[in-house]
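Working through the structure, step by step
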There are 2 protein chains.
Amino acid sequence: MVVGYQTYLELIPELLADKEVLSSQMMKEVERARQCLELAASGKSVALVSGGDPGIYAMAGLVFEMARERGDGVRIEVIPGIAALNACAARLGAPLMHDFAAVSLSDLLTPWPLIEKRLTAAAEADFVIVLYNPKSKRRTEHIVRARELILNHRAPETPVGIVTAATRDNETVTLTTLGEMLTAEIGMQSCVIIGNSATFTWQEFMVTPRGYSGKYALAGEFKPLV
Amino acid sequence: MVVGYQTYLELIPELLADKEVLSSQMMKEVERARQCLELAASGKSVALVSGGDPGIYAMAGLVFEMARERGDGVRIEVIPGIAALNACAARLGAPLMHDFAAVSLSDLLTPWPLIEKRLTAAAEADFVIVLYNPKSKRRTEHIVRARELILNHRAPETPVGIVTAATRDNETVTLTTLGEMLTAEIGMQSCVIIGNSATFTWQEFMVTPRGYSGKYALAGEFKPLV
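To keep things clear, this report deals only with the structure shown in the data block. (Residues numbered from 1 in each chain as written. Chains lettered and ligands numbered in written order. Predicted model: local features only at pLDDT ≥ 70, side-chain atom pairs only at ≥ 80, totals over all residues. Heavy atoms only, no water.)

Looking only at helices and strands, chain A has seven helices and eleven strands in total. Once the C-alpha set of chain A is aligned to its principal axes, its extents read approximately 60 × 45 × 35 Å. Within chain A, the proportion of its 226 residues that are buried is 54%. Within chain A, counting contacts between residues at least 6 apart in sequence, those at least 24 apart form 66% of the total. Separation of charge centres in chain A, based on 22 positive and 26 negative side chains, amounts to 3 Å. (Helix = DSSP H or I, 4+ residues; strand = E, 2+ residues; numbered from the N terminus. Buried < 20%, exposed > 50% of the residue type's maximum accessible area, 1.4 Å probe, protein only. Contact = heavy atoms within 4.5 Å. Lys, Arg positive; Asp, Glu negative; His and termini not counted. Charge placed at Lys NZ, Arg CZ, Asp CG, Glu CD.)

This is the structure in structure tokens:
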């Protein structure tokens, strides 16, 4: 059977046609994971459907944590998907061609000082930075502070891409800079990608070059990355 | 028309059935990208097929870099895919539930001191670390040095997952530790994921908990991540 948040299940009607379906509108993530494990323990084959990639900041971990706690020997398999970082990078061009760090700005489950430490480390070591959960109604100052920390190590002209509701009907894509980014609209469905020191913009795209060796590619002296 | 490395095109015969196909066995990445841009500039609609996600350490950036250089106004769109990090994380369980950094150990296009700086920064700030290009025939010592740098900030018991040839017929999955990892087989097709200080193993899986708040999920006090 198939279990999932109703909004996601509505996107895949053809896959649900002959299946037993349990859709939830309000049920919390923990309850949903628990219900899946209970159903699986009772002998059913259960697919828990998530948005994006269940393995990146998503439901897979919760299921494993609860399965370990319950200890009823259910067999679990994770099917990867297109995470926000994959989808947003594609919409922006090619910002993730070089080393990058993903940081969630939500401090609900992580102490804020640790988040600051990670932002500073990533900025200092010239990682492209992908910000998950940049802003919510209650958390409006985290993105302000994050930008400030990153600006300590990166130029205000650094390209920044903001993708909201990637691949959905209400998708928006904004290309801005570290200096200007706070004037752009950032919300709960946004993912923010901050370039490294070599990232450039071209047309409506944001591109991080694959190397630090200059015009390797076009001079015919290119060596493959692997 | 469809352009791509022959090995990848052989995986999708049903998508090529009625298409003009240009497969290359030995052609280098730069030549392939240039050929695509030339074909597109001549008026053709061209799909350049890559393995994984073209937007993560892959072909998309090269295409943009060359298009900018050529300046012939070709329209480019990137379609995201399942990158090695998505696929390998899924095979290992749920190691990427929290902040992570991706670092390529290839120094062909990146100065090695910068790679060392990133490894140290990521280790110090307790990022889960995903190592791309951990080893090749010529580069056998980089993974040794990377482990050494990470061990300065993380316990030898830290779980490490090694996935080779993810989703292919010759896929292998190994669960080990930072202390023991060099005894495992690591090759050109491997991706190595090193847990953060909270990552645990359970059964044959590697799981990073979603928060640093202890038993939030199971005590019913859970707050959603977003």
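It is worth spelling out the interface of chain B and chain A at this point. Every contact between the two is made by 75 residues of chain B and, on the other side, 75 residues of chain A. Counting each side, the surface lost to burial between chain B and chain A is near 7300 Å², with a carbon and sulfur contribution of 63%. Our enumeration of links across chain B and chain A arrives at six salt bridges. A salt bridge links Arg210(B) to Glu29(A), with the nearest nitrogen and oxygen atoms 3.6 Å apart. (Buried area = accessible area lost by both parts, 1.4 Å probe. Salt bridge = Lys/Arg side-chain N within 4 Å of Asp/Glu carboxyl O.)

Each copy of the sequence occupies a distinct position, and chain B is placed on chain A by a rotation of 180 degrees and an axial shift of 0.0 Å, giving an RMSD of 0.0 Å. Here the copies are linked by what is in effect a two-fold axis. Among all residues of chain B, the one whose C-alpha sits closest to the rotation axis is Ala101(B), at a distance of 2.0 Å. With an isologous cut-off of 70% or more, the 100% of interface residues of chain B that recur at the interface of chain A puts this contact in the isologous class. (Least-squares fit on C-alpha atoms with pLDDT ≥ 70 in both.)

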